[in-house]
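Listed here are the chains, written in short residue letters.
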Amino acid sequence: MKNEIENIFKQKFNSFEATPSAGLFGAIIAKKAKKKRAIWMWSTAALLVTASALGLWSYTNNTPLQLAKNTIENTDKSIPTLPDPIHDKKDVVQDNSIIEKPRSQTNLKNKPGGERIKEEIAVKRETRTLKTEAKTQHRHNKAARTNTNSKNKWAELFAKIDMANPTMDLDKGTLYHGNKKQTIDKSAGLNIPQNNKTRALINSAKDHKTENNDRKQTLNSTLNTITSVTIEQTPKVKEEEDIEEVILPLPTGRLVALNKWRIQASVGMGYASRTLSETNKEYIDLRNSTENVAVSYQFGANVIYQFSPRWNIQTGLQYTIRNELFEYSEQMYTTEKREVQRTETVVHPVLGEIERTYLEITIDTTSQYLKYTSSQNKFQTVSIPIIVERELFKHHSWSLLAKVGVHAGIYSNRVGLLLAPNKETQEYTTLPTRNTGIASAMFGTGVLYSVTPRISLLAYPQVNLQLNSSTKRTAGFSQNDWGIYTHVGLRIGL
Amino acid sequence: MDERELIKGCVKNDVHSQQALYEHFAPKMMGVSMRYCTSKMEAEDVLQDAFIKIFDKIKTFKGEGSFEGWIRKIVVFTALKSNDKRVSKFEPGSLENVQEQSFDAKAISNMETANLLSILQELPEGYRAVFNLYAIEGYSHKEIGKILDISDVTSRTQYSRAKQHLIKLLAQYGIQRI
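Details of the overall build of chain A
Then step 1. Of regular secondary structure, chain A possesses eight helices and 16 strands.
Then step 2. Taken across its 494 residues, chain A has 45% of its residues classed as buried.
Then step 3. Partitioning the intrachain contacts of chain A with sequence separation of at least 6 by distance along the chain shows that 74% fall at a separation of at least 24.
Then step 4. Total accessible area on chain A stands at roughly 25,600 Å², and carbon and sulfur atoms take up 55% of it.

So, helix 7 (residues 125-137) of chain B
All names here are of chain B.
Then step 1. With twelve of 13 residues buried, helix 7 lies mostly within the body of the structure.
Then step 2. Listed in full, the buried residues belonging to helix 7 are E125, G126, Y127, R128, A129, V130, F131, N132, L133, A135, I136 and E137.
Then step 3. G138 sits one or two positions beyond helix 7 and adopts a positive phi of about 90°.

Side note on the interface of chain B and chain A
Then step 1. At the interface, 59 residues of chain B touch 37 residues of chain A.
Then step 2. With both sides pooled, the region where chain B packs onto chain A buries about 4,600 Å², and carbon together with sulfur makes up 64% of that total.
Then step 3. Between chain B and chain A we count three salt bridges in total.
Then step 4. Broken down by secondary-structure element, the contributors of at least two residues to the side of chain B that touches chain A are helix 2 (15-36), helix 3 (40-57), helix 4 (67-86), helix 5 (105-109), helix 6 (113-122), helix 7, helix 8 (141-148) and helix 9 (152-172) of chain B.

Quick look at the pairing of strand 8 (residues 295-305) of chain A
Residues and elements named next belong to chain A.
Then step 1. Only one face of strand 8 is covered, namely the one carrying S296, Q298, G300, N302 and I304; the face carrying V295, Y297, F299, A301, V303 and Y305 has none of its residues buried.
Then step 2. The pairing of strand 6 (residues 261-277) with strand 8 spans eleven bridges and is classified as antiparallel. Bridge assignment links Q264 to a residue of strand 8, and that residue is N302.

Focus on the side chain of R491(A)
Residues and elements named next belong to chain A.
Then step 1. Note on placement: R491 falls in strand 16 (residues 478-493).
Then step 2. The exposure class assigned to R491 is buried, which follows from its relative accessible area of 6%.
Then step 3. Here the side chain of R491 touches Q264 through a polar contact of 2.6 Å, side chain to side chain.
Then step 4. At 3.0 Å, the side chain of R491 and the side chain of E389 are in polar contact.

Observations concerning unusual backbone geometry
Then step 1. Of note in the backbone geometry, K423(A) takes a positive phi value of approximately 65° without being a glycine.
Then step 2. Within the element layout of this structure, K423(A) appears in the loop between strand 12 (417-419) and strand 13 (425-427).
Then step 3. For K423(A), a relative accessible area of 33% gives the class partly exposed.
Then step 4. With a phi angle near 60°, D149(B) is a residue other than glycine that sits in the positive phi range.

Quick word on the packing of aromatic side chains
Each aromatic ring pair is summarised here by two numbers: the centre-to-centre distance and the angle between the ring planes.
Then step 1. Taken as a whole and judged by the stated rule, the model has 18 aromatic pairs over all chains.
Then step 2. Here the aromatic rings of F9(A) and F13(A) are separated by 6.0 Å at their centres, their planes lie at 20°, and the arrangement is stacked. Note that F9(A) and F13(A) are positioned in helix 1 (residues 4-14) at a spacing of four residues, about one turn of the helix. Exposure class is identical for F9(A) and F13(A). Each is buried.
Then step 3. Here the aromatic cluster, defined as three or more aromatic residues joined through ring pairs, consists of F9(A), F13(A), F16(A), F131(B), Y134(B) and Y159(B).
Then step 4. Just above the ring of F477(A) sits the side chain of R287(A); from NZ or CZ to the centre is 4.8 Å.

Points about the environment of M269(A)
Residue and element names in this part refer to chain A.
Then step 1. Note on placement: M269 falls in strand 6.
Then step 2. Considered as a pair, M269 and T320 are 51 residues apart in the sequence and their alpha carbons are 9.8 Å apart.
Then step 3. Apart from residues no more than four positions distant in its own chain, M269 is found in contact with W42, S43, V295, S296, Y297, I484, Y485 and T486.

Focus: the nonpolar core
Then step 1. Judged by nonpolar contacts, the single largest core of 67 residues is most densely connected at F9(A), L21(B), F51(B), F67(B), I71(B) and F131(B).
Then step 2. When residues are assigned to domains, this core turns out to be shared by domain 1 (3-86) and domain 2 (105-172) of chain B, each giving three or more.
Then step 3. Other than its neighbours up to four places away in sequence, I71(B) contacts L21(B), F25(B), M29(B) and I54(B).
Then step 4. With nine residues, the next largest nonpolar core counts Y283(A), F379(A), Y428(A) and F477(A) among its residues.

Comments concerning the pattern of salt bridges
All names here are of chain A.
Then step 1. One pass over the structure, following the stated rule, counts 19 salt bridges over all chains.
Then step 2. Note that D481 is salt-bridged to R322, the shortest N-O span being 3.0 Å. Placement of the pair is D481 in strand 16 and R322 in strand 9 (residues 311-348), with a sequence separation of 159 residues. Neither residue differs from the other here; D481 and R322 are each classed as buried.

Examining the confidence of the model for chain A
Residue and element names in this part refer to chain A.
Then step 1. Model confidence for chain A is summarised by a mean pLDDT of 69, while 56% of its residues fall at 70 or above.
Then step 2. A low-confidence stretch, residues 168-173 stays under pLDDT 50, and its non-local contacts, those more than four residues away or across chains, total 26 contacts.
Then step 3. Confidence drops under a pLDDT of 50 for residues 184-195, and excluding neighbours within four residues, the segment shows 53 contacts in the predicted structure.

Overview of a nonpolar patch on the surface
Residue and element names in this part refer to chain A.
Then step 1. A contiguous nonpolar patch, built from F307, W311, I313, I386, V388, V404, V406, F443, L465 and L467 and spanning about 860 Å² of accessible area, is present on the exposed surface.
Then step 2. Of all the elements in the fold, those that place two or more residues in the nonpolar patch are strand 9, strand 10 (352-395) and strand 11 (398-415).
Then step 3. Note on placement: I386 falls in strand 10.

Remarks on helix 1 of chain A
Then step 1. Buried within helix 1 of chain A are the following residues: I5(A), E6(A), I8(A), F9(A) and F13(A). Each buried residue of helix 1 of chain A lies within a common arc of 165° when the element is viewed along its axis, so the set occupies one face.
Then step 2. Of the surrounding elements, those touching the buried residues of helix 1 of chain A are helix 2, helix 5, helix 6, helix 7 and helix 9 of chain B.

Regarding the pairing of strand 14 (residues 439-450) of chain A
Residues and elements named next belong to chain A.
Then step 1. Here strand 11 pairs with strand 14 via eleven bridges, running antiparallel. Within the sheet, the bridge partner assigned to A408 lies in strand 14 and is A439.
Then step 2. Strand direction decides the pairing type here: strand 14 and strand 15 (residues 455-466), joined by nine bridges, are antiparallel. What sits directly across from S440, in strand 15, is Q466.
Then step 3. Linking strand 14 to strand 15, which pair antiparallel, is a turn of four residues.

What counts as what
- Residues numbered from 1 in each chain as written.
- Chains lettered and ligands numbered in written order.
- Predicted model: local features only at pLDDT ≥ 70, side-chain atom pairs only at ≥ 80, totals over all residues.
- Heavy atoms only, no water.
- Helix = DSSP H or I, 4+ residues; strand = E, 2+ residues; numbered from the N terminus.
- Buried < 20%, exposed > 50% of the residue type's maximum accessible area, 1.4 Å probe, protein only.
- Contact = heavy atoms within 4.5 Å.
- Areas by Shrake-Rupley, 256 points an atom, 1.4 Å probe, with all protein chains shown as cover.
- Buried area = accessible area lost by both parts, 1.4 Å probe.
- Salt bridge = Lys/Arg side-chain N within 4 Å of Asp/Glu carboxyl O.
- Pairing = 2+ DSSP bridges.
- Polar contact = N/O pair within 3.5 Å; in protein donor to acceptor, adjacent residues only side chain to side chain.
- Phe/Tyr/Trp six-rings, centres within 6.5 Å; stacked < 30°, edge-to-face > 60°.
- Lys NZ or Arg CZ within 6 Å of the ring centre and 35° of its normal.
- Core = buried A, V, L, I, M, F, W, Y, C linked by side-chain atoms within 4.5 Å.
- Domains from an automatic or database assignment.
- pLDDT = per-residue confidence, 0-100.
- Patch = residues over 30% accessible without salt bridge, like charges linked within 9 Å, V, L, I, M, F, W, Y side chains within 5 Å.
- Arc of directions from axis to C-beta.

Dropping the structure here:
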């Protein structure tokens with residue numbers, strides 16, 4: 001009786017069929033494709049979202065020049081007229097050998113023997129914050145606070161010169177410094193080398209500023225509009241051929257003095273896997289069919305030293321988590337041998353009835369069950385990177401960067417399962433693996449967007465390749481991780 | 001298309017082969033899936049996940065044993081895994097309070113499969129899994145213990161309780177206890 005219920009249900013359901021909804025196969029194919037695309041989509045989406053956000057930011061901050069000019073004119077109407085610091089007040093330029101000259105007349109060969117200086121100041125092209133009086137006032141206050149900082153002496157100087165030269169070119173200019181000609185682009189900032197004459201200008205500007213409060217107020221308003229500075233100063237040399245040209249990339253927005261150090265934090269998400277080396281190809285196939293890629297992550301904190309305008313070197317700490325899905329299924333078979341002794345009677349045409357006995361052997365092979373094991377494998381690495389980065393291209397606040405470097409692993413940990421050559425599952429912790437000394441190379445190219453001279457956002461797709469195996473020789477196989485990550489992060493100038 | 005060719009095509013990720021394989025096995029596997037689930041929609045979700053797994057893992061099928069058996073096991077395990085996500089349902093216990101009950105076997109044999117399926121679907125999750133695995137799939141309690149990560153004693157207890165529960169449900173369909 002006990003087995004009857006099993007038999008009835010087994011009989012009834014053995015041939016039981018049901019029709020699934022039409023379109024289910026389409027859904028299967030779509031979901032299968034979606035699963036494959038998911039990892040790449042995550043990486044691409046992260047990149048696109050960052051790029052769109054930065055693009056929007058850039059668009060809202062980069063209004064046309066004409067608008068900027070109008071805004072400045074409107075702003076100027078509310079500001080008391082200042083005496084021309086160069087024409088009316090001779091104390092702006094203490095050195096009598098320096099005289100102001102319109103840009104259109106600037107020609108090195110035609111310059112008189114004495115030295116000349118020409119300063120040009122661009123206006124900030126941000127009308128958004130200047131459109132309302134309240135916002136303008138806020139900016140004035142902010143500018144006033146900033147001006148208490150001695151680092152803004154240059155800005156004060158340039159503001160005065162701007163008031164004296166409202167028709168000047170707003171784009172590029174040149175600074176002559178000794179025998180060097182320096183082209184300073186829109187991102188001009190404070191690492192302009194100073195000589196006696198520029199120092200004199202700073203001092204003059206400082207004196208000018210302290211003369212009266214009204215002027216200071218006006219100056220602060222104007223300072224708020226500064227985004228870049230151009231200085232042109234005649235060289236002491238006679239021949240133009242002697243001039244060596246250097247292009248200086250400098251910060252945009254409000255003029256801020258930065259030293260050579262930056263700090264950076266980033267988080268990356270991406271596609272990471274591993275390559276296996278083993279003489280037993282079948283084993284590699286088995287491992288490859290049981291270990292699937294899952295989304296992996298990286299977290300980095302770096303200190304950056306900007307040793308030249310375009311080059312920097314970085315180091316810090318990086319934490320990598322490579323995820324992997326282990327799934328193994330196996331069929332198990334059991335065989336059962338049944339022997340039955342049978343007797344049958346055969347009618348022979350001559351001998352008549354003959355009784356024959358024979359042994360009937362039946363071997364039943366039953367597929368017993370599917371052994372199914374799964375595990376979420378996790379490979380964690382902490383490493384110290386040494387990276388060299390170069391700015392390839394710069395346009396407004398955007399920079400295209402490339403970097404290359406190495407990572408020295410200081411700690412590694414692996415948790416999860418893998419298949420041993422005998423097809424038995426094995427814990428990673430039982431494998432002879434390296435916990436330190438895993439080295440990897442990295443390279444990548446990314447974009448940096450300067451939100452302010454100090455703060456930049458970055459989106460950085462990069463590749464990491466492990467150089468040595470994470471397993472020791474006794475493990476019988478070598479395993480090298482690799483990954484493609486897209487980092488997004490923040491870089492702060494100090 | 002021959003089964004070997006079908007498998008080869010699926011290994012190469014050929015959509016036509018995958019469709020042919022699906023059309024051949026889907027009705028039977030839907031039947032299997034429905035035994036482990038409580039609704040058609042749920043069974044279709046299981047079937048969908050199972051076929052994705054089948055297409056992904058088909059390269060690991062070495063051609064040893066029945067292909068249908070291999071597919072069936074993936075469906076069963078996907079259904080069990082899907083149920084596992086929803087509830088934790090196995091209570092360890094002993095067989096002390098479980099009594100075997102007799103019933104009218106002939107009456108059950110005469111019942112429609114659809115009615116039996118409804119009864120099966122009314123069983124609590126854990127009971128249904130153990131009953132399916134033991135009575136229909138033919139696994140031993142030791143194997144069920146491994147599959148469901150429970151002790152074999154728990155599997156036995158669950159099975160006996162499942163049967164008791166089933167007999168109660170059968171009574172609602174007019175099946176008399178003897």
